Amino acid sequence: MTVTNLEQFCESFSDLLKGKPDISTLIRTGRSLVGELVSRKEWIGDILERVLFDKEFSENQKPGIWPNEITLHRSPDRSFLVLCYIWDPGLTDAVHDHGSWGIIGSFLRPIGERKYIRLDDGKKEGYAELEEVSSIVLQPGETTYVLPLNKGIHRMENFGSDTAITINVYGLNVRKGYVQFFYPEMNSVNRVYPPKTLREALAIRALGSMAAPWSEDLLRRVLASALPDYIKKEGEISLAKLKT
Ligand SMILES: [Fe+2]
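Residues numbered from 1 in each chain as written. Predicted model: local features only at pLDDT ≥ 70, side-chain atom pairs only at ≥ 80, totals over all residues. Heavy atoms only, no water.

Trainee: Sorry if this is basic, but what is going on with the sheet that holds strand β2 (residues 80-87) here?
Mentor: Taken together, the five strands give an open sheet; going across it, the order is β1-β2-β9-β4-β7, and neighbouring strands pair in antiparallel fashion. The sheet is open, and its two borders are formed by β1 (69-74) and β7 (143-146), each paired with just one other strand. Recorded for the sheet is a direction-independent mean angle of 20° between the axes of neighbouring strands. Where strand β4 (residues 102-108) and strand β9 (residues 164-171) come together, six bridges link them in antiparallel fashion. (Pairing = 2+ DSSP bridges. Helix = DSSP H or I, 4+ residues; strand = E, 2+ residues; numbered from the N terminus. Axes fitted to C-alpha atoms, helices over the stretch in contact; angles between N-to-C directions.)

Trainee: Whenever I open this one, the side chain of Ser 79 confuses me. Can you help?
Mentor: Within the secondary structure layout, Ser 79 lies in the loop between β1 and β2. Within the structure, Ser 79 has its side chain in polar contact with the side chain of Asp 77 (distance 2.8 Å). Not counting residues up to four positions away in its chain, the partners in contact with Ser 79 are Leu 17, Trp 101, Tyr 170, Gly 171 and Leu 172. (Polar contact = N/O pair within 3.5 Å; in protein donor to acceptor, adjacent residues only side chain to side chain. Contact = heavy atoms within 4.5 Å.)

Trainee: Honestly, the pairing of β4 in this entry has me stumped. Any pointers?
Mentor: With respect to burial, β4 is a largely interior element, six of its seven residues being buried. In this sheet, β7 lies alongside β4 in antiparallel orientation, the contact comprising four bridges. Looking at the pairing, Ile 104 lines up with Thr 144 of β7. (Buried < 20%, exposed > 50% of the residue type's maximum accessible area, 1.4 Å probe, protein only.)

This is the structure:
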């Protein structure tokens, strides 16, 4: 099937995944489908109209880590997710990793991508050494991809003077709940969460910065709670910090 709009794209992508391809086939064929989608421009008008005038569409958008993100499609079996990012001129992403594979297509205007590899073993909390390994410019219609965790550390950038758009497709998360932002010039790394979870994580980090009996008690309650593992991990880090 030739992909001329989002609906056809989602159908073709779903068929691709149903065939349970190995990762290299998935990325190769997936990139060609995303390439076809971002080469057709007409369908984006409907999306932008829905952002502005379709209340239900807007209400169904889940607040994510990136405020410039629009959810275009969630496959009913959760096997893939199609997002659109609108990039203001000069907008540079933080260096980050991903919980899943991802395919990124430039839709409107060139967009820069730098890729990094991680040099340290990840065992020291908050510490990361990165090395930049490539810097490319994706022209509209072109694609790039990332793999999960340390195999997909990158940063996107709209270095132009006008709005750019990318269409991004992601698979099932092998790591849920957060992404890591890296600060290569400071050799540091930080977990970043969507807004609601971020509030919880920040509360825990605040507790870890205040040596009081009640802060330790509260952190112990976090560890004994039914909160997700990544939030408990924040609790462990803060508790360890209190004890140093
Ligand atoms: Fe990314």
